[in-house]
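# Descriptive structure summary
Here are the chains, one letter per residue:
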Amino acid sequence: MPVHPGWGVTSSALASKATGFPIAKMAAKLSIGYSLDQIPNDITKKTPASFEPSIDYVVTKIPRFAFEKFPGSEPILTTQMKSVGEAMAMGHTFQESFQKAAIQDEVEQRSWN
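Residues numbered from 1 in each chain as written. Predicted model: local features only at pLDDT ≥ 70, side-chain atom pairs only at ≥ 80, totals over all residues. Heavy atoms only, no water.

### Thoughts on the overall build of the protein chain
Each helix and strand counted, the protein chain has three helices and two strands in total. Its helices and strands in sequence order give the protein chain the pattern α-α-β-β-α, from N to C terminus. A buried classification covers 20% of the 113 residues belonging to the protein chain. Partitioning the intrachain contacts of the protein chain with sequence separation of at least 6 by distance along the chain shows that 39% fall at a separation of at least 24. Summed over its atoms, the accessible surface of the protein chain is roughly 8,200 Å², and 59% of this surface lies on carbon and sulfur atoms. (Helix = DSSP H or I, 4+ residues; strand = E, 2+ residues; numbered from the N terminus. Buried < 20%, exposed > 50% of the residue type's maximum accessible area, 1.4 Å probe, protein only. Contact = heavy atoms within 4.5 Å. Areas by Shrake-Rupley, 256 points an atom, 1.4 Å probe, with all protein chains shown as cover.)

Take a look at the structure:
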């Protein structure tokens, strides 16, 4: 995961929701000088926050583009921000997770082989 100011707006909330790990709380503790091995893991209650458990699911986040909200604009992705939201989904594989997110995002294609 990248760590920069813009990332914290939505992606950290997504990651916290997907993993159950309190990222904002950890970031606050790190910002005042703690290291990950000094912070107890809120999930396991036994290991430090630096412990990385295996995760048995995949989380996918895709943007939602509603070009109809931008009259006169070309329905082509460029450097201009045209996303009006995002969809998040969890699955056992990337394909399952991606397809669930695409369905939430109202993407016309319903199957990817």
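Now that the structure is up, let's keep going.
### A look at the nonpolar core
One finds Ala15, Phe21, Ile23, Met26, Ile39 and Ala49 forming the largest nonpolar core, which totals six residues. Other than its neighbours up to four places away in sequence, Ala49 contacts Phe21, Met26, Leu36, Ile39, Pro40 and Asn41. (Core = buried A, V, L, I, M, F, W, Y, C linked by side-chain atoms within 4.5 Å.)

### Description of helix H3 (residues 94-104)
It helps to recall that an α-helix has 3.6 residues per turn; residues three or four apart then point in one direction. Those residues of H3 that fall on the buried side of the exposure criterion are Ser97, Ala101 and Ala102. Down the axis of H3, the sector holding all buried residues measures 130°, keeping them to one side. Elements that come into contact with the buried residues of H3 comprise strand E1 (58-65) and strand E2 (83-91). (Arc of directions from axis to C-beta.)

### Quick word on the environment of Met90
By the secondary structure assignment, Met90 is in strand E2. Linking Met90 and Val59, residues 31 residues apart in sequence, is a C-alpha distance of 4.5 Å.

### Focus on the side chain of Asn41
Within the secondary structure, Asn41 sits in the loop between helix H2 (23-31) and E1. Apart from residues no more than four positions distant in its own chain, Asn41 is found in contact with Phe21, Thr47, Pro48, Ala49 and Phe51.

### Overview of the confidence of the model for the protein chain
Model confidence for the protein chain is summarised by a mean pLDDT of 76, while 77% of its residues fall at 70 or above. No element of the protein chain has a lower mean pLDDT than helix H1 (residues 11-19), at 71, and none a higher one than H3, at 89. (pLDDT = per-residue confidence, 0-100.)

### Considerations on the environment of Ile43
Relative to the helices and strands, Ile43 resides in the loop between H2 and E1. A relative accessible area of 47% means that Ile43 is categorised as partly exposed. Between the C-alpha atom of Ile43 and that of Gly20, which follows or precedes it by 23 residues, the distance is 7.5 Å.

### So, the side chain of Thr60
Considering the arrangement of structural elements, one finds Thr60 in strand E1. Excluding its chain neighbours within four sequence positions, the residues that come into contact with Thr60 are Ala87, Met88, Ala89, Phe94, Ser97, Phe98 and Ala101.

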